[in-house]
Protein chains: 2
Amino acid sequence: MEVTIINIGDELLIGQVVNTNASTMSNMLTTAGMEVRKTMVVGDVRQDIWDAIDEALHESDAVLVTGGLGPTKDDITKKLLCEYFGSELVESQEALDNVRRIFESRGYELTPVNREQALVPKCCEVLNNDLGTAPCMWFDHKDANNHRSVLVSLPGVPFEMEWLMRNRVIPKLHETFNTDIIITKNILVQGIGESFLSDLIEPWELSLPKNTKLAYLPVAGLTKLRLTIRTTHDNPNTPDIPKLLQGLYALAGLYIVGEDCETLDELVHKTLIGRGLTLATAESCTGGNIARLLTAQAGASAYFRGGIVAYSNEVKENTLGVRHSTLAAHGAVSEETVREMAEGVRQRLGTDLAIATTGIAGPDGGTPEKPVGTVWIAVANATHTEAKLLQFGANRRQQNIDRSTNQAFAMLIRLLCQKD
Amino acid sequence: MEVTIINIGDELLIGQVVNTNASTMSNMLTTAGMEVRKTMVVGDVRQDIWDAIDEALHESDAVLVTGGLGPTKDDITKKLLCEYFGSELVESQEALDNVRRIFESRGYELTPVNREQALVPKCCEVLNNDLGTAPCMWFDHKDANNHRSVLVSLPGVPFEMEWLMRNRVIPKLHETFNTDIIITKNILVQGIGESFLSDLIEPWELSLPKNTKLAYLPVAGLTKLRLTIRTTHDNPNTPDIPKLLQGLYALAGLYIVGEDCETLDELVHKTLIGRGLTLATAESCTGGNIARLLTAQAGASAYFRGGIVAYSNEVKENTLGVRHSTLAAHGAVSEETVREMAEGVRQRLGTDLAIATTGIAGPDGGTPEKPVGTVWIAVANATHTEAKLLQFGANRRQQNIDRSTNQAFAMLIRLLCQKD
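These remarks concern the structure in this document. As the structure is a prediction and not an experimental result, all values here were calculated from the model. (Residues numbered from 1 in each chain as written. Chains lettered and ligands numbered in written order. Predicted model: local features only at pLDDT ≥ 70, side-chain atom pairs only at ≥ 80, totals over all residues. Heavy atoms only, no water.)

1. Quick notes on the overall build of chain A
- Summing up its helical and strand segments, chain A has 16 helices and 17 strands in all.
- Burial analysis of chain A (420 residues in total) assigns 55% to the buried set.
- Summarising the internal contacts of chain A: among those between residues at least 6 apart in sequence, 67% fall at separations of at least 24.
- Total accessible area computed for chain A in this model is approximately 17500 Å², and 48% of it derives from carbon and sulfur atoms. (Helix = DSSP H or I, 4+ residues; strand = E, 2+ residues; numbered from the N terminus. Buried < 20%, exposed > 50% of the residue type's maximum accessible area, 1.4 Å probe, protein only. Contact = heavy atoms within 4.5 Å. Areas by Shrake-Rupley, 256 points an atom, 1.4 Å probe, with all protein chains shown as cover.)

Pasting the structure below:
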């Protein structure tokens, strides 16, 4: 079953907004066992949207379209689809109830412009959008050559699109196309480069059953291994996954930090909740990134007490208790400082565990002795403080922040696995 | 002059990697006055690449292709282009010198596999890639209908692609096509929903000159208005932008927080550097998001001293100096608490300005009196503290965090515009 994705919007075409929708949708579809053949971006131009849709409907089983559903003048998708499918716009009671519910919950009056959000082509099925006022529309199509396909129009707002994909579109695609059953298993591997990992686990990879595919998904110093196991409804030949993984652990167990998570912040979150331990952070070069990733997850208050973003040396001294003499003798980016940061924040915030980071994220601020990409990370519990020097050797700021963050999470997980 | 972008790679199609190349290239081309009509992503599949190139060459004046130029088996772009243009692979002395130079500079031996990087179709012009071993190739094309077009093949490595675009491809496109001049102008609007804004400024929008387009780009409580003005070299009829904006300010000036920035964190960053003021943050419900957005920008240490992520009440009391009696009487999510947080962090970190947030980000933790989405934000300088209650009415955590963040930035900008 093949899918084409069309993302509509001038803001995408002029590069003002990075098109994360394409990758989010591709990822969700691939994980659900569907094959994305092509993704396209077109602007808010009638003929370009029409041509892209027309072409995609001939080539694919399903066409997913995002964007152009807002209440403003440059949003033309709905009218165009109405015309394309030879239908007329009618007010959908279901969509109107939804628009009204959302406006009421926000304490706003429903204006005529907003009421127009409830107009949909008569021939479509409305898939209710719990998170927004733009309706999601499902069209069944048969072209002149009797080729059957489906077109789904979704809002371009990322969180609405994602919710609709998960709760409405993918289940209905499964139902409509009777697709294979897909089982996925994530294994998080850290501390080894992708190509070295690939060499190390090659014998295991070659021994995998035919219906099992392995993908390497490297992000910011972490490699997510994703096993995708494809079985059919008629022959649900599900393998024994723990047994399948024994060979992987035998070869690369040293580098495996966790399973069944998408990210290391999710792994830390689940682990700390499960173990009933509390955490504090002291961040310099990561600037709050560690705290915000943990607190972005619902329930973080169960373990996260707080953090200090100690950007200036004064804050490191006054708020974390790093000694003036330490900073003077070794500098802010040093093992001594990062240890005092971790121990200081743990004591002051009264937590079981602490993370600290200090480094030169770049692109400026490096010296011959401590070039851009030099980062010290520490993790601490009541009895141990582990510190590690990293040399990322790149002057891209965000990359250095992301890698430092993942290193810190991995070090915390490893500290928790140690026997006291 | 119309451009199509084709990004090749399985990693893009399965959503493993976000396709930032498309937006980077689109942005560079648009800024250079060229019109991107479509962008496409296809996998490492011969027929799909062939079809995409064939279609694009018929539709566009220039087709820019990235990816598939590496030395591994799934990199098939070069051979395919050679076949498409009916040419043969020959060793380019220029490309070989470049490969050799790069290998020597890294201290590696040139292997036969790497030497193959210097093979290019005979019919192309090599644009030298100073940063990598994959050559950039320029093809002049005329199809059966005598339609002239250009195809440029670039490596997919983002920093190589970007360097080549800036230094080789865009200058040569300018030279080849006599392109239009494009002027863009961003206006950041906050505190009014997209549809209300649309109603409010409709008279102004309808009065815009024909060569001027307006787009609404809403993100997390902020609407970016983008004006795109197109003029030609022959008739550089550049409008007077300040005069053009007078009508907008007359209708919606109350909601305009800034111009010429992509985001509010960029606006805050530039404003604080420009004004020479320092900032500290005290974040509860935003969990470090405000700090990390500011510190993600190079040069933030000029104004950002540090922040406290005060997630627990103990941290609010001990680290920020919020009074126990305040928390007991009014709760953590209250005007009294948020004011003490802002004033506390400003005093303790010794800054000119402070931001504080406290709220219920959700999805849990709400009460009938303070439902999920209830957020208090405060901004403070030496003489004023402004506090504001927000009711987002949504139980989506990340959305509440992002909206709170943008509200806080907008309040800080407004505080800076007040007369003391």
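2. Overview of the packing of helix α3 (residues 46-59) of chain B against helix α4 (residues 77-84) of chain B
Residue and element names in this part refer to chain B.
- Packing of α3 against α4 leaves a shortest axis separation of 11 Å and a crossing angle of 50°. With respect to each other, α3 and α4 are oriented oblique. Remark: the crossing between α3 and α4 carries right-handed chirality. Note on element contacts: α4 touches α3 through Leu80, Leu81, Glu83 and Tyr84, opposite Arg46, Ile49, Trp50, Ile53, Asp54 and Leu57.
- Tallied by class, residues from the contact of α3 with α4 come to 7 nonpolar, no polar and 3 charged. (Axes fitted to C-alpha atoms, helices over the stretch in contact; angles between N-to-C directions. Parallel < 35°, antiparallel > 145°, perpendicular 65-115°, else oblique. Left-handed = near helix turned anticlockwise from the far one by under 90°. Nonpolar A, V, L, I, M, F, W, Y, C, P; charged D, E, K, R; others polar.)

3. As for unusual backbone geometry
All names here are of chain A.
- Omega for the bond connecting Gly362 with Pro363 falls within 30 degrees of zero, at 0°, which places this linkage in the cis form.
- Mapping Pro363 onto the fold places it in the loop between β15 (353-359) and β16 (374-380).
- One non-glycine residue, Asn178, lies in the positive phi region at around 45°.
- Note that Asn178 resides in the loop between α7 (158-177) and β9 (181-190).

4. Observations regarding the relation of the copies chain B and chain A
- Superposing chain B onto chain A requires a rotation of 175° together with a translation of 1.9 Å along the rotation axis, leaving an RMSD of 2.8 Å. Interpreted geometrically, this transformation is the action of a two-fold axis.
- Of the interface residues in chain B, 75% have counterparts in chain A that sit at the interface too, so the contact is made through matching surfaces. (Least-squares fit on C-alpha atoms with pLDDT ≥ 70 in both.)

5. Structural notes on the interface of chain B and chain A
- Taken together, the contacts link 73 residues of chain B with 71 residues of chain A.
- Note on chain B versus chain A: buried area summed over both sides is about 5600 Å², and carbon and sulfur give 54% of it.
- Our count for the chain B to chain A interface comes out at 3 salt bridges.
- A salt bridge links B:Lys213 to A:Asp10; the shortest N-O distance between them is 3.2 Å.
- Taken together, the links from chain B to chain A amount to 26 residue pairs in polar contact (both at pLDDT 80 or more).
- When its residues are assigned to classes, the side of chain B that touches chain A shows 29 nonpolar, 27 polar and 17 charged.
- As paired elements, strand β14 (residues 304-310) of chain A and strand β14 (residues 304-310) of chain B share 5 bridges and run antiparallel to each other. Looking at β14(B), one finds that A:Gly306 is bridged to B:Ala310. (Buried area = accessible area lost by both parts, 1.4 Å probe. Salt bridge = Lys/Arg side-chain N within 4 Å of Asp/Glu carboxyl O. Polar contact = N/O pair within 3.5 Å; in protein donor to acceptor, adjacent residues only side chain to side chain. Pairing = 2+ DSSP bridges.)

6. Section: the packing of helix α11 (residues 264-275) of chain B against helix α16 (residues 397-417) of chain B
Residue and element names in this part refer to chain B.
- It is at 9 Å that the axes of α11 and α16 come closest, and there the two elements cross at 30°. Taken together, the axes of α11 and α16 are roughly parallel relative to one another. Both α11 and α16 take part in a crossing whose hand is left-handed. Residues Leu264, Asp265, Leu267, Val268, Thr271, Leu272 and Arg275 of α11 form the contact with α16, whose own contacting residues are Asn406, Phe409, Ala410, Leu412, Ile413 and Leu416.

7. Some remarks on the environment of A:Asp364
- Mapping A:Asp364 onto the fold places it in the loop between β15 and β16.
- Considering only alpha carbons, one finds A:Asp364 and A:Arg396, 32 residues apart in sequence, at a separation of 9.8 Å.

8. A look at the pattern of salt bridges
- Tallying each qualifying case throughout the model produces 35 salt bridges over all chains.
- Among the charged side chains, a salt-bridge network with shared partners connects A:Glu2, A:Arg37 and B:Asp48.

9. Notes on the side chain of B:Thr223
- Structurally, B:Thr223 is set in strand β11 (residues 222-231).
- B:Thr223 has contacts with B:Ile187, B:Leu188, B:Val189, B:Ile192, B:Glu194, B:Leu197, B:Tyr216, B:Leu217 and B:Pro218, leaving out every residue within four places of it along the chain.

10. Some thoughts on α4(B)
- The buried fraction of α4(B) amounts to 6 of the 8 residues, a majority that puts the element mostly inside the structure.
- All of the buried residues in α4(B) are B:Thr77, B:Lys78, B:Leu80, B:Leu81, B:Cys82 and B:Tyr84.

11. Side note on the nonpolar core
- In terms of nonpolar packing, the biggest core is built from 46 residues, with A:Ile6, A:Ile53, A:Leu151, B:Ile6, B:Ile53 and B:Leu151 touching the most fellow members.
- Ignoring sequence-local partners within four residues, the contact set of A:Leu151 consists of A:Ile53, A:Leu57, A:Val63, A:Val65, A:Leu81, A:Phe85, A:Met137, A:Trp138 and A:Phe139.
- One finds A:Ile308, A:Val372, A:Ala378 and B:Leu349 within the second-largest nonpolar core, a separate group that totals 43 residues. (Core = buried A, V, L, I, M, F, W, Y, C linked by side-chain atoms within 4.5 Å.)

12. A word on the sheet that holds β15(A)
- The strand order across the open sheet built from 10 strands is β17(A)-β16(A)-β15(A)-β13(A)-β14(A)-β14(B)-β13(B)-β15(B)-β16(B)-β17(B), with neighbouring strands paired in mixed fashion. Only two strands of the sheet have a single partner each, and these edge strands are β17 (385-391) of chain A together with β17 (385-391) of chain B. Adjacent strand axes in the sheet meet at a mean angle of 10° when their direction is disregarded.
- Across 7 bridges, strand β16 (residues 374-380) of chain B lies against β17(B) in antiparallel orientation. Across the sheet, B:Val375 pairs through a bridge with B:Leu390, a residue of β17(B).
- Each of β13 (279-283), β14, β15 (353-359), β16 and β17 of chain B touches helix α15 (residues 335-349) of chain B; the most contacted strand, β15(B), lies at about 145° to it.
- Along the sheet, α16(B) contacts β13, β15, β16 and β17 of chain B; its crossing angle with β16(B), the most-contacted strand, is approximately 30°.

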